[in-house]
Amino acid sequence: MDTPKPHFAVRLLPSLTDAAFLMPIAFVFLRMGGATGMLGDGDTGWHVRTGEWILAHGRVPDHDIFSFTRSGQPWFAWEWLWDVLFGWLHRQAGMAAVVLGSSLVLALTYALLFRLARRGSHALIALAMTLVAAAASAGHWLARPHLFTMLFTVVFLSVLERVERQPGSYRRLCLLPLLMVLWTNLHGGFFVGIILICAYAAGELAVLLRASEDGQRRQALGRARLYLLTAAGCAVATFVNPYFYRLHAHIFTYLADGFYRHNVMEFQSLNFQTGQAVYIEILLAAGAAAAFWRLRRGNFTWPLLFAAWAHLALYSTRNVEIFVLLAAAPAAELLSEVLRRAPGWRVAGWLRLGLESFGDFTRECDAFDDGPRWHVSSCAAILVLAAFTYAPQPPPACRAAYNPKAFPVRAADQMEKAGLFGGVFTEDLWGGYLIYRQYPRGRVFIDGRSDFYGPEFGGKYIQAMNAQAGWEHYLGRYGVQTVLLPPDVPLACLLRQSSAWHLVYDDGVAQIFRHS
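For the structure given in this document, a descriptive report is provided here.

The rules behind the values
Residues numbered from 1 in each chain as written. Predicted model: local features only at pLDDT ≥ 70, side-chain atom pairs only at ≥ 80, totals over all residues. Heavy atoms only, no water. Core = buried A, V, L, I, M, F, W, Y, C linked by side-chain atoms within 4.5 Å. Buried < 20%, exposed > 50% of the residue type's maximum accessible area, 1.4 Å probe, protein only. Helix = DSSP H or I, 4+ residues; strand = E, 2+ residues; numbered from the N terminus. Contact = heavy atoms within 4.5 Å. Disulfide = S-S within 2.5 Å. Pairing = 2+ DSSP bridges. Axes fitted to C-alpha atoms, helices over the stretch in contact; angles between N-to-C directions. Expected span 1.5 Å × (residues − 1). Phe/Tyr/Trp six-rings, centres within 6.5 Å; stacked < 30°, edge-to-face > 60°. Lys NZ or Arg CZ within 6 Å of the ring centre and 35° of its normal. Salt bridge = Lys/Arg side-chain N within 4 Å of Asp/Glu carboxyl O.

1. Brief notes about the nonpolar core
Within the largest apolar cluster, 156 residues are counted, with the highest numbers of intra-cluster contacts made by Phe156, Leu283, Phe323, Phe425, Tyr474, Val483 and Leu484. When residues in this core are grouped by element, the largest group, 17 residues, is from helix α5 (residues 80-118). Sequence-distant contacts of Tyr474, that is, excluding residues within four places in its chain, are made with Phe425, Phe445, Phe457, Lys460, Tyr461 and Ala464.

Dropping the structure here:
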């Protein structure tokens, strides 16, 4: 007779939740350039330095501290809490801690997404849709505050789905305003949470259009009232920030300005020629089918969410990761329902047999994945990753440093040797890197804080980068004596031909020009 496994041994086994947790880490460190890929945006640098400034001064800045072009002008450091958390990590353990912390946020996001999708579907299908969502959003996996908007989106959605499926759990809604305080101070995407809650309220109100009984209408109206009260509580919670209502006015002005939609890459429409497009297309198709399926069952919430966020994802790439996170669970639920009904279809015998076998296999996976786990494998993987990252000679994927093929790493070394701190004209992406390298010794011309510099300054900067008429006057106005640019930028091509500027450094990635 077989001896049953001890209960504690079962808990030590890895689960599909562990697989979902480790999935983004495997993506980042095996397929996406590792730590260097996470540092693919110069904004990480100024965020870290902002956090260190707050820790040093004990307050959130309300004016610019990084530029020489707009020094002292009002500035909204609206993601100050992320800056403090990761600035502290950087102080304690360097940029490697920033990368590890960001990787942990990603891992938690997709583990929670899997658990959300698992509620209404087979575990294997939930894992597959989590994988598709991860692949669709991987292009925006950077060590920046927006990762917390991805995490909080899944958390809010999990709470709202639980309340919708279990009417007696309305008390969970009380958590959302508290979480909204954190979200507001971590990233400017906090309004996504309010939109989600309002969508659930709208879904309940839509029931009134087809409910035939007074009892159904009263119940739907009562649920809608709870959602709307929660949304109102979350809206009030967003005012708990260092800038009070001025933060909301600033974000609205920023998002409403057409300049950014035309000139900032993440505001522009999705390019379907990229590798991630096929995964987005899968979720668009599956999400649309799930919306139709739920609409036929009398559920209006997901159809409303799909209509809104599919449009927003197609309109602007910065909304793609929100859409795919929302679409994964409905898609998994629909595919699980299709698999359940498939054996009754009139299809070829071999196909029916294959579907039945696959259904049996998914049920076996469900049985294996059920029950509590200690997630030892996830914890061990994080410890191993940290050990590799902090090893005396870490593997290339675990070296937490800016990519010298994309950032002016060697050029910045040369500038420091020559004592060139500040007064440098460079592109906005590199401006954030120079803040990380040179602050407080030097100030930058521009960096990635497009909302701070504004459309007028940004428009003139773009004209100068394109070597359009007036660029000399523009640089002279700010006393620029040094220019640091990639070789293929139009202004760099013009400077190489100018008698007033001399090329003093060129490493193939960056060129340094000095005014004679």
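Once you've had a look at it, read on.
2. Let's talk about unusual backbone geometry
The omega torsion across Tyr439 and Pro440 is 5°, close enough to zero to call that bond cis. A positive phi angle is found at Ala467, which is not glycine, with a value near 55°. Within the element layout of this structure, Ala467 appears in the loop between α20 (450-465) and α21 (471-477).

3. Notes on the state of the cysteines
Tallied over the entire structure, the rule returns zero disulfides. Take Cys379: it sits in no disulfide, and the sulfur closest to it among the cysteines is that of Cys398, at 18 Å.

4. Brief notes about the sheet that holds strand β3 (residues 501-506)
Strand order in the open sheet formed by four strands is β1-β2-β4-β3, and the pairing between neighbours is mixed. Strands with a single pairing partner mark the edges of an open sheet, and in this sheet they are β1 (424-426) and β3. Across the sheet, the mean angle separating the axes of adjacent strands is 25° when strand polarity is ignored. On the sheet, helix α18 (residues 409-417) packs against β1, β2 (482-485), β3 and β4 (511-515) and is oriented at approximately 115° with respect to β3. Seen against the sheet, helix α22 (residues 490-497) touches β1, β2, β3 and β4 and runs at an angle of roughly 50° to β4.

5. Let's talk about helix α10 (residues 214-237)
For α10, spanning 24 residues, the distance from its first C-alpha to its last is 34 Å, which sits close to the expected 34 Å at 1.5 Å a residue. Buried-residue contacts for α10 involve α7 (146-165), α8 (175-186) and α9 (191-207).

6. Some thoughts on the packing of aromatic side chains
One pair of aromatic rings is described through two measures. These are the centre distance and the angle between the planes. For the structure shown, the criterion picks out 35 aromatic pairs. Summarising the aromatic geometry, the rings of Phe259 and Tyr260 are spaced 5.4 Å apart at their centres and angled 80° between planes, so their arrangement reads as edge-to-face. For the residue pair Phe259 and Tyr260, the accessibility class agrees, reading buried in each case. Here the aromatic rings of Tyr402 and Tyr436 are separated by 5.8 Å at their centres, their planes lie at 55°, and the arrangement is tilted. Here Tyr402 is found in the loop between α17 (376-389) and α18, whereas its partner Tyr436 is found in helix α19 (residues 428-438), with 34 residues between them in sequence. The exposure class of Tyr402 is buried, given its relative accessible area of 7%. One aromatic cluster in this structure is built from Phe68, Phe425, Phe445, Phe452, Tyr453, Phe457, Tyr461, Tyr474 and Tyr478. The lysine or arginine in question, Arg318, covers the ring of Phe267, its NZ or CZ lying 4.6 Å from the ring centre. Of note, Arg449 hangs over the ring of Trp75, and the distance from its end group to the ring centre comes to 4.7 Å.

7. Quick look at the pattern of salt bridges
Overall, the coordinates contain 15 salt bridges when judged by the stated rule. Here Asp64 ties to Arg449 by a salt bridge, and the two come within 2.9 Å at their closest N and O atoms. Of this pair, Asp64 sits in the loop between α4 (43-57) and α5 while Arg449 sits in the loop between α19 and α20, and the two are 385 residues apart along the sequence. Assessed through its relative accessible area of 1%, Arg449 is described here as buried. Connected through salt bridges with shared partners, the residues Glu161, Arg165, Arg294 and Glu333 form a single ionic network.

8. Describing the environment of Phe190
Looking at the secondary structure, you find Phe190 in the loop between α8 and α9. Under the relative-accessibility criterion, Phe190 is labelled buried at 5%. Distance from Phe190 to Cys234, taken between C-alpha atoms, is 9.4 Å for residues 44 residues apart in sequence. Apart from the residues lying within four places of it in its own chain, the contact partners of Phe190 are Met180, Trp183, Thr184, Thr238, Leu247, His248 and Ile251.

9. What about the pairing of β4?
Sheet topology note: the β2/β4 ladder contains four bridges and is antiparallel. Each residue of the ladder has a partner; that of Thr482, found in β4, is Arg514. Note that β3 and β4 share five bridges and pair antiparallel. In the strand pairing of β4, His502 is matched with Arg514. Two successive antiparallel strands, β3 and β4, enclose a turn made up of four residues, where Gly508 displays a positive phi of approximately 90°.

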